[in-house]
Amino acid sequence: MSATGELKAMTPPDVVARKGGQPLVCLTAYTTPMARLVDRHCDIVLVGDSVGMVLHGLPSTLGVTLDMMIMHGQSVRRGVGRALMVVDMPFGSYEEGPEQAFRNAARLMAETGCGAVKIEGGEGMAATIRFLAARGIPVMGHVGLTPQAVNTFGGYKVQGRGDDAERILRDAAAVAEAGAFAVVLEKVPEALARRITANLAVPTIGIGASSSCDGQILVVDDMLGMFTPFQPKFVKRYAQLGEQAETAIAAYARDVRERRFPSTEHVFGDAPKSIKGGEAA
Ligand code: KIV
């Protein structure tokens with residue numbers, strides 16, 4: 001709560017203050033209704049570019065555009081009151097250099113009202129992160145498996161095994177040193193996640209990176225069992241909403257075909273009898 005009694009929204013400095021403390025709880029959301037649910041329980045709501053695969057049926061996140069992120073960001077904004085809202089910068093919107101990144105990040109912030117943006121990449125993105133952070137744009141980093149580089153990696157593979165650990169350590173350190181207020185660590189071995197978390201002054205947020213991180217993030221549709229083309233090992237399914245939805249849709253289809261729906265309770269008579277839920281029954 002603020003001094004005036006208003007509900008205070010989480011800010012990037014609040015996130016930094018949680019380093020080594022109570023784990024940060026983060027989930028994605030792409031729409032107002034889901035954002036409302038997530039906002040009640042999470043510290044950070046990420047409008048992830050995973051929206052392209054989860055809601056738009058794209059084969060990867062590479063086809064996601066800035067306009068898509070703005071539209072979903074605006075939708076999520078209407079459902080977020082207390083969490084920090086972070087919006088992903090999509091592929092092609094920041095890699096040319098700091099100026100391009102600033103122009104597009106400023107658009108994301110102005111048009112969605114988000115509190116921060118997320119950028120994938122390590123050492124190669126440090127100059128861009130520094131440029132944005134120095135100009136009022138809080139940046140969340142993302143290292144390890146960065147899905148926008150899926151073609152370079154040759155698939156969604158674990159990163160940082162064996163000697164490759166040093167590369168990810170350097171990436172995480174560079175991004176944090178450049179001014180990122182938190183760093184997402186995706187799909188890296190547990191021992192490496194522990195080392196990075198101990199090294200950085202800002203929180204690490206793990207996805208497939210063990211409980212040694214300062215926080216956790218998942219794609220909400222994955223943990224609810226709504227997005228089921230594949231199930232990564234790091235996802236715990238807390239519900240099977242996809243199965244429940246299919247069962248419900250099949251029951252509706254049966255009822256319509258067998259003329260069991262609509263039944264009398266869903267049908268209007270000639271003359272209104274009473275007002276039920278604001279509607280003449
Ligand atoms: O796009 C996304 O959803 C992400 C994750 C870290 C969950 O980047």
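Just so we're clear, the structure is a prediction, and the values are computed from it rather than from any experiment. (Residues numbered from 1 in each chain as written. Predicted model: local features only at pLDDT ≥ 70, side-chain atom pairs only at ≥ 80, totals over all residues. Heavy atoms only, no water.)

## Some details on the pairing of strand E2 (residues 44-47)
This is how the line gets drawn: Note on exposure labels: buried denotes an accessible area under 20% of the residue type's maximum, exposed denotes more than 50%, and partly exposed covers the range between, all computed with a 1.4 Å probe on protein chains only. Labels follow the DSSP assignment, with helices taken as runs of H or I lasting at least four residues and strands as runs of E lasting at least two, numbered in each case from the N terminus. One bridge is not enough; two strands pair if DSSP finds at least two bridges between them. We call a crossover right-handed when, viewed with both strands directed away from the observer, the connection leading from the first strand over the helix to the second proceeds clockwise.
Neither face of E2 is exposed, since Ile-44 and Leu-46 on one face and Val-45 and Val-47 on the opposite face are all buried. Direction of pairing for strand E1 (residues 24-28) relative to E2: parallel, over a ladder of 3 bridges. By the bridge assignment, Cys-26 is partnered in E2 with Ile-44. With helix H2 (residues 32-39) bridging E1 and its parallel neighbour E2, the resulting β-α-β unit is right-handed.

## Side note on helix H11 (residues 241-257)
What counts is decided by this rule: What a helix is expected to span follows from its residue count: subtract one and scale by 1.5 Å.
Here H11 is 17 residues long and its end C-alpha atoms lie 24 Å apart, about the 24 Å a rise of 1.5 Å per residue gives. Following H11 by one or two positions, Arg-259 has its phi on the positive side, about 55°.

## Some words on the sheet that holds strand E7 (residues 204-207)
In any sheet, the strands associate via hydrogen bonds between backbone groups, in a parallel or an antiparallel arrangement. This is how it is decided: For helices, the axis comes from a line fit to the C-alpha atoms of the stretch in contact; other axes are also lines fit to C-alpha atoms, and the angle between any two N-to-C directions lies between 0 and 180 degrees.
Ordered in space as E1-E2-E3-E4-E5-E6-E7-E8, the 8 strands form a closed barrel in which the pairing is parallel. Across the sheet, the mean angle separating the axes of adjacent strands is 25° when strand polarity is ignored. Where E1 and strand E8 (residues 215-218) come together, 4 bridges link them in parallel fashion. Bridging from a neighbouring strand, Leu-27 pairs with Leu-218 of E8.

## Observations concerning the site of the ligand
Operational definition: To be near a molecule or strand, a residue needs just one of its heavy atoms within 4 Å of it. Throughout this description, a polar contact denotes any pair of N or O atoms lying within 3.5 Å of each other; where both atoms belong to protein, one of them has to be capable of donating a hydrogen while the other can accept it, and for residues adjacent in sequence the pair is counted only when both atoms sit in side chains.
Around the ligand, a shell composed of Thr-28, Leu-46, Gly-48, Asp-49, Ser-50, Asp-88, Lys-118, His-142, Ile-207 and Val-219 is seen. Between the ligand and Lys-118, the relevant distance is 2.8 Å, taken from an oxygen atom to a side-chain nitrogen or oxygen of the residue.

## Digging into the packing of helix H8 (residues 165-177) against helix H9 (residues 190-199)
Applicable threshold: By definition in this entry, angles of less than 35 degrees are roughly parallel, angles greater than 145 are roughly antiparallel, angles of 65 to 115 are roughly perpendicular, and the rest are oblique. We call a crossing left-handed when the near helix sits turned anticlockwise from the far one by less than a right angle, and right-handed when that turn is clockwise. Here a residue-residue contact requires only that any non-hydrogen atoms of the pair lie within 4.5 Å. Here the term charged refers only to Asp, Glu, Lys and Arg, the term nonpolar to Ala, Val, Leu, Ile, Met, Phe, Trp, Tyr, Cys and Pro, and the term polar to all other amino acids, Gly among them.
The N-to-C vectors of H8 and H9 enclose an angle of 30°; their axes lie 10 Å apart at closest approach. The angle between H8 and H9 falls in the class roughly parallel. For H8 against H9, the interelement crossing comes out right-handed. On H9, the residues touching Ala-165, Glu-166, Ile-168, Leu-169 and Ala-172 of H8 are Leu-192, Arg-195, Ile-196 and Asn-199. Here the residues of the contact of H8 with H9 sort into 6 nonpolar, 1 polar and 2 charged.

## Some remarks on the side chain of Asp-214
Topologically, Asp-214 is positioned in the loop between E7 and E8. Among the polar contacts listed, one links the side chain of Asp-214 to the backbone nitrogen of Gly-20, at a separation of 3.2 Å. When residues no more than four places from it in sequence are discounted, the contact partners of Asp-214 are Lys-19, Gly-20, Gln-22, Pro-23, Leu-24, Thr-197, Val-202, Pro-203 and Thr-204.

## Details of helix H6 (residues 126-133)
Every buried residue of H6 is accounted for by Ala-126, Thr-128, Ile-129, Phe-131 and Leu-132. Against the buried residues of H6 lie helix H5 (98-112), strand E4 (116-120), strand E5 (139-144) and H8.

## Quick notes on the packing of helix H4 (residues 66-77) against H5
Interaxial distance between H4 and H5 falls to 9 Å at its minimum, and their mutual angle equals 30°. By the angle class used here, H4 and H5 are roughly parallel. Taken as a pair, H4 and H5 cross one another with a handedness that is right-handed. Only Asn-104, Arg-107, Leu-108, Glu-111 and Thr-112 of H5 make contact with H4, whose side of the interface consists of Leu-66, Asp-67, Met-69, Ile-70, Gly-73, Gln-74 and Arg-77. The residue makeup of the contact of H4 with H5, split by class, is 4 nonpolar, 4 polar and 4 charged.

All quantities given are derived from atomic positions and should not be read as evidence of function.
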